[in-house]
Amino acid sequence: MINVKENAELNVLNHSCAHLMAQAIKRIHPHALFWVGPVITEGFYYDIDLGDTVLSESDFPKIEAEMKKISKDGKRIIREEISKEEALERFKNDPYKLDLINNMEGVTITTFKQGEFEDLCRGPHVESVKELKFYKLLKVSGAYWKGDANNKMLQRVYGICFDTQEALDQHLYLLEEAKKRDHKKLGKELGLFMMSEFGPGFPFWLDKGMILRNILENFWYEEHTKEGYQFIKTPIMLSQELWEVSGHWFNYKENMYISDVDDRQFAIKPMNCPGGMLVYKNDLHSYKDLPLRVGELGLVHRHEASGALNGLFRVRTFTQDDAHLYMTPDQVEGEIVRLIAFFDRVYKLFNLNYTIELSTRPEEKYIGSIEVWDESERILESACKKSGHTVKVNPGDGAFYGPKLDFHLQDSLGRAWQCGTIQLDMNLPERFDLTYVDSDGSKKRPIMLHRVIFGSVERFIGILIEHYAGAFPLWLSPDQVRILPVNAEFHHDYALQLKEKLVEAGLRVEVDERNEKLGYRLREAQMKKIPVQLVIGDGEVENGSVNVRRYGSQATESLSIQDLIDSLVKEVKEKR
RNA sequence: GCCAUCAUAGUUCAAUGGUAAAAUAGAGCAAUGGUAAUGCUCAGCUCCGAGUUCGAUUCUCGGUGAUGGCACCA
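Residues numbered from 1 in each chain as written. Chains lettered and ligands numbered in written order. Predicted model: local features only at pLDDT ≥ 70, side-chain atom pairs only at ≥ 80, totals over all residues. Heavy atoms only, no water.

Further remarks concern the packing of helix α15 (residues 492-504) against helix α18 (residues 561-573). Orientation of α15 relative to α18, taken along the N-to-C sense of each, is 35 degrees, at an axis distance of 11 Å. In terms of crossing hand, the pair formed by α15 and α18 is right-handed. Residue-level inspection shows Tyr494, Leu498, Lys501 and Leu502 of α15 in contact with α18, the latter providing Ile561, Leu564 and Ile565. Broken down by class, the residue content of the contact of α15 with α18 amounts to six nonpolar, no polar and one charged. (Axes fitted to C-alpha atoms, helices over the stretch in contact; angles between N-to-C directions. Helix = DSSP H or I, 4+ residues; strand = E, 2+ residues; numbered from the N terminus. Left-handed = near helix turned anticlockwise from the far one by under 90°. Contact = heavy atoms within 4.5 Å. Nonpolar A, V, L, I, M, F, W, Y, C, P; charged D, E, K, R; others polar.)

Our focus in this paragraph is the packing of helix α7 (residues 207-226) against helix α11 (residues 332-349). For the pair α7 and α11, the least separation of the axes is 12 Å and the interaxial angle reads 145 degrees. Judged by the twist between their axes, the crossing of α7 over α11 is right-handed. Contacts from Phe219, Glu223 and His224 of α7 reach α11 at Phe342, Arg345, Val346 and Leu349. In terms of residue class, the contact of α7 with α11 is built from four nonpolar, one polar and two charged.

Okay, helix α14 (residues 457-467) next. Extensive coverage of α14 is indicated by the burial of 10 of its 11 residues. Within the sequence span of α14, burial applies to Val457, Glu458, Phe460, Ile461, Gly462, Ile463, Leu464, Ile465, Glu466 and His467. Once α14 ends, the next one or two residues include Ala469, with phi positive near 55 degrees. (Buried < 20%, exposed > 50% of the residue type's maximum accessible area, 1.4 Å probe, protein only.)

A few words now on the protein's contact with RNA strand B. The environment of RNA strand B is formed by 53 residues, the closest being Ser141, Tyr144, Ser306, Asn487 and Arg523. Restricting the count to atoms of RNA strand B within 4 Å of the protein gives a sugar and phosphate share of 48%. Contact distances for RNA strand B include 3.3 Å between a sugar or linking oxygen and a side-chain N or O atom of Gln418. The contact in question runs from a base oxygen of RNA strand B to an N or O atom on the side chain of Asn547, over 2.4 Å. Of all the secondary structure elements, the ones that give two or more residues to the surface near RNA strand B are β7 (134-144), β8 (153-162), α6 (183-189), α16 (518-527), α17 (538-543) and β27 (545-550). Sorting elements by how many residues they give to the surface near RNA strand B places α16 first, with seven residues. Here the surface near RNA strand B is composed, by residue class, of 20 nonpolar, 16 polar and 17 charged. (Near = heavy atom within 4 Å. Polar contact = N/O pair within 3.5 Å; in protein donor to acceptor, adjacent residues only side chain to side chain.)

For the rest of this paragraph, the subject is the sheet that holds strand β28 (residues 556-560). Taken in spatial order, the five strands make up an open sheet running β25-β24-β26-β27-β28, and their pairing is mixed. Every other strand in the sheet has two partners, leaving β25 (509-511) and β28 as the edge strands with one partner each. Sheet twist, expressed as the average angle between the axes of neighbouring strands with direction ignored, equals 30 degrees. Across the sheet, α16 is in contact with β24 (481-485), β26 (532-536) and β27; its angle to β24 comes to roughly 175 degrees. (Pairing = 2+ DSSP bridges.)

Moving on, we get to helix α2 (residues 60-73). Across its 14 residues, α2 extends 20 Å between first and last C-alpha, which sits within 8% of the 20 Å expected from 1.5 Å per residue. What α2 keeps buried is the set Phe60, Ile63, Glu64, Glu66, Met67, Ile70 and Ser71. Taken down its axis, α2 places every buried residue within 160 degrees of arc, on the same side. Projecting away from the buried face of α2 at angles above 90 degrees are the exposed residues Pro61, Lys62, Lys68, Lys69 and Lys72. In this structure, the buried side of α2 is in contact with α1 (8-28), β7 and β8. Downstream of α2 by one or two residues, Gly74 has phi in the positive range, about 70 degrees. (Expected span 1.5 Å × (residues − 1). Arc of directions from axis to C-beta.)

Before going further, it helps to spend a moment on the environment of Leu284. Mapping Leu284 onto the fold places it in the loop between α10 (273-281) and β15 (292-301). The spacing of Leu284 and Val437 is 153 residues in sequence and 7.8 Å in space, taken between C-alpha atoms.

Time to look at the side chain of Gln423. Along the chain, the position of Gln423 falls in strand β20 (residues 416-425). Residue Gln423 is classed as buried on the basis of its relative accessible area of 14%. A distance of 2.4 Å separates polar atoms of two side chains, one belonging to Gln423 and the other to Tyr401. Side-chain polar atoms of Gln423 contact the side chain of Thr421, separated by 3.5 Å.

The final tally for this structure, using the stated rule, is 49 salt bridges. With a shortest N-O distance of 3.0 Å, Glu296 and Lys269 are connected by a salt bridge. You can see Glu296 sitting in strand β15 and its partner Lys269 sitting in the loop between β14 (264-268) and α10, a full 27 residues away along the chain. In terms of burial, Glu296 and Lys269 fall into one category: buried. With a shortest N-O distance of 2.9 Å, Glu574 and Arg576 are connected by a salt bridge. Taking relative accessible area as the criterion, Glu574 reaches 41% and is therefore assigned partly exposed. Counted as one network, the salt bridges with shared partners bring together Asp207, Lys208, Asp479, Arg482, Glu510, Asp512, Arg514 and Glu524. (Salt bridge = Lys/Arg side-chain N within 4 Å of Asp/Glu carboxyl O.)

This brings us to the sheet that holds strand β5 (residues 109-114). Spatial strand order, β4-β5-β6: three strands in an open sheet with antiparallel pairing. What marks the edges here is a single partner per strand, and that holds for β4 (78-82) and β6 (117-120). For this sheet, the mean inter-axis angle between neighbouring strands, taken without regard to orientation, is 25 degrees. Of the strand pairs in this sheet, β5 and β6 are connected by four bridges, and their pairing is antiparallel. By the bridge assignment for β6, Lys113 is matched with Glu118. Lying over the sheet, α1 contacts β5 and β6, oriented at roughly 125 degrees with respect to β6.

For the structure shown, the criterion picks out 27 aromatic pairs. Note on Phe202 and Tyr257: the rings are 6.3 Å apart at their centroids and 50 degrees apart in plane angle, and the pair reads as tilted. On the criterion of sequence distance, the pair formed by Phe202 in the loop between β9 (193-194) and β10 (204-205) and Tyr257 in the loop between α9 (248-251) and β13 (258-261) is long-range, its members being 55 residues apart. Since its relative accessible area comes to 25%, Phe202 is described here as partly exposed. Here a set of aromatic residues connected by ring pairs shows up, and it is made of Phe219, Phe350, Phe454, Phe460 and Trp475. Lys139 extends its terminal NZ or CZ atom over the ring of Tyr158, reaching a point 5.2 Å from the ring centre. Over the face of the ring belonging to Trp205 we find Arg213, whose NZ or CZ atom lies 5.0 Å from the ring centre. (Phe/Tyr/Trp six-rings, centres within 6.5 Å; stacked < 30°, edge-to-face > 60°. Lys NZ or Arg CZ within 6 Å of the ring centre and 35° of its normal.)

Where β27 meets β28, five bridges bridge the pair, whose relative direction is antiparallel. When the bridges of β28 are listed, Arg549 appears paired with Thr556. The antiparallel pairing of β27 with β28 creates a hairpin that spans five residues between the two strands, and Gly552 there sits at a positive phi of about 85 degrees.

This is the structure:
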């Protein structure tokens, strides 16, 4: 995907296009009032107050036609600097512009005018509306005024503009490709998971999806074992008192599912940490035990807003690949360097590129001293640098309990996903009074980190589905090999023997012996994106070979059974 | 939660104020096949509730769910 925002020329083009769209809408709906129309990563939008008029995508052709007319007319776009008084006078009938003007202090106020349409704007713009030729309106939605849910909702129209027809076509093509990869669609087609209206936001995992999940989770356990983690499983339901200690009862209650058990209230856990704290406190810890790395694939439930639900990307129950790390202050930096290397290894395996962002102390709502925050942020940043990463800083974006590093993954279509995170927690160790015994026999407070690599297993699988477009590498693929006997009857025995040998070697294999022509069965195997298809007929039976065709390739290759097994087993082992 | 759009066989979809066309998947029969669809037959559907109407799958309202955004967020 093209990042319009980072390309100065496209940026200007898109912003001018937003004005062009506003002008067209104003012509069609003279009562329209406009809030702001910025450029975003992919195009632009404009927030519009149309009173009772409702825009829908079916209005786009009309608006686009009007835009074309204005563009053809070719008015110049004229910049004008005006005084605040002049601005207030000129836009006196527009409450939205007045709001903007009244909030402008010590800046030059400029307007841009094209024909009859004038808009308050910082610019810059293209010279003339003539330059705006290759654009498309994409979607319409509601958006809160000033992004505040307490405010009224405006209508937001999205569009995008390019400097050539080819670039526009390319973009629209990528949007279509993304649709084809939609994990909700592929998940259904490949039998990975399902949704039911009886459980909105609660995915059902199907046979093939469970295979994928189990592979990922086993992989996770193996890698964490290598990294010196121990594993626990904490209950999904715990009493109110615990959530009061952790603070969730006061800060997160509206997102928790709560139930009466005997005479007490219990909550289903929205996070794993409080349970993890209890495990830590179950033992006395020596400084010699640190750093202590405790992992949990923890099933959590959160009552997410109904409108937020989205396939596997946003669900109400999910499994976090969580871990809590406890350490002494002087172990923090080394531990984070180690974590970053670990994250790197995992993401690389999936061919996912990533960037790291550091979120720092919030302006107002935070606990602990500024000195400790500054020191923690310094350590996080320095660990990134030592790992050879540049860090983007998001000032004030940290949690109230500590700063964090977020890992933003880029999938094969260039889209970004926030998955991994490393968070320093200055809150829970205090609340739960965590201690370890130091070398001098005194009790000390450990530093605690939360961290996830996948983020949630569900979301990560959703990303993988779209990233691979459903065609998983061999080691991840729920179905690895499909055996296709040319004639179900004649080649039956050979097919079963072959399957047995492959299964013996640890591969996931099915024989398709249905009474259908080879082409028919092969087509289905291709559509199910099964990595390896083995055709066996008279020739293969005769010389004990297999005919191999890989997903996505037309080429076929003849191999001995042993060579096939060796190469597939090697491929799985190397996680290719 | 908010705004908008949508809801028809397992799936993908057509049509209609007089209970619905098709493809694909499924079952049966015939065909014994060499790298993306063999033919025939059968069976299967209007999300839930109310209203308008002689009659509603179609119109209206409410509910539920989904999709695209907003707000929230792993």
